[in-house]
Structure formats: C-alpha cells, structure tokens
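# Tertiary structure, described
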Amino acid sequence: MTIVKHSDQSYGSRRIRFALQQAGISVSGRYIARVMKSLSLVSKYTIKRYRGYQTASNSAVTANHLQRQFDVGTKQ
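Residues numbered from 1 in each chain as written. Predicted model: local features only at pLDDT ≥ 70, side-chain atom pairs only at ≥ 80, totals over all residues. Heavy atoms only, no water.

The next subject is the packing of helix 2 (residues 13-22) against helix 3 (residues 29-38). Contact pair helix 2 / helix 3: the axes reach a minimum separation of 9 Å and the direction vectors enclose 120 degrees. Between helix 2 and helix 3 lies a crossing of right-handed hand. Contacts from Ser 13, Ile 16, Arg 17 and Leu 20 in helix 2 reach Gly 29, Ile 32, Ala 33 and Met 36 in helix 3. Of the residues contributing to the contact of helix 2 with helix 3, the split by class is 5 nonpolar, 2 polar and 1 charged. (Axes fitted to C-alpha atoms, helices over the stretch in contact; angles between N-to-C directions. Helix = DSSP H or I, 4+ residues; strand = E, 2+ residues; numbered from the N terminus. Left-handed = near helix turned anticlockwise from the far one by under 90°. Contact = heavy atoms within 4.5 Å. Nonpolar A, V, L, I, M, F, W, Y, C, P; charged D, E, K, R; others polar.)

On to the nonpolar core. Counting residues in hydrophobic clusters, the biggest one holds 5 residues: Ile 16, Leu 20, Ile 32, Met 36 and Leu 41. Counting only elements with at least two residues in this core, the list comes to helix 2 and helix 3. Other than its neighbours up to four places away in sequence, Ile 32 contacts Ser 13, Ile 16, Arg 17, Leu 20 and Val 27. (Core = buried A, V, L, I, M, F, W, Y, C linked by side-chain atoms within 4.5 Å. Buried < 20%, exposed > 50% of the residue type's maximum accessible area, 1.4 Å probe, protein only.)

Moving on: the environment of Ile 16. In this structure, Ile 16 sits in helix 2. Looking at Ile 16, the relative accessible area reads 1%, which means it is buried. In sequence terms Ile 16 and Gly 29 are 13 residues apart; their C-alpha atoms lie 8.3 Å from each other.

Here it is, written out as structure tokens:
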C-alpha cells in the first residue's frame, strides 16, 4: 500500500482505486476497502468531525404591517 503512504494516509478506497486505474490495474473498491481494513489502514478524511454552527436568533421583533392585535401569553 505505497499509495497510502505517499499520500500521508489521506487516500481512501475510492482514491486508491482511481490511482490504480490510472496505473492500468483493475481492482474493485470493495476489495481495496477489505485490504485496507485487514491492514488497519484508515484514511484521514473518513473521520467525520462535529462542528457546531451558530445560527441567527429567532427572537427578532418584526414590524406589524397588517396592524393585527395579538394577545401574547393567553391561551384560548
């Protein structure tokens, strides 16, 4: 698996398959994934990292264009 070592372990099964295809070697992606699993090779980009995103607050006051009357806080 010199392809993985040359890419600083950033290549996964898809990119390895494409690199082998460019070299004229026809191998399935599942076979490459099995070989990688047996050799304990994990690509860096397969690990999903959680990142929290800040969203805008929904408590903004909007204009009352229709001049409607609301009673906030009372249930009917």
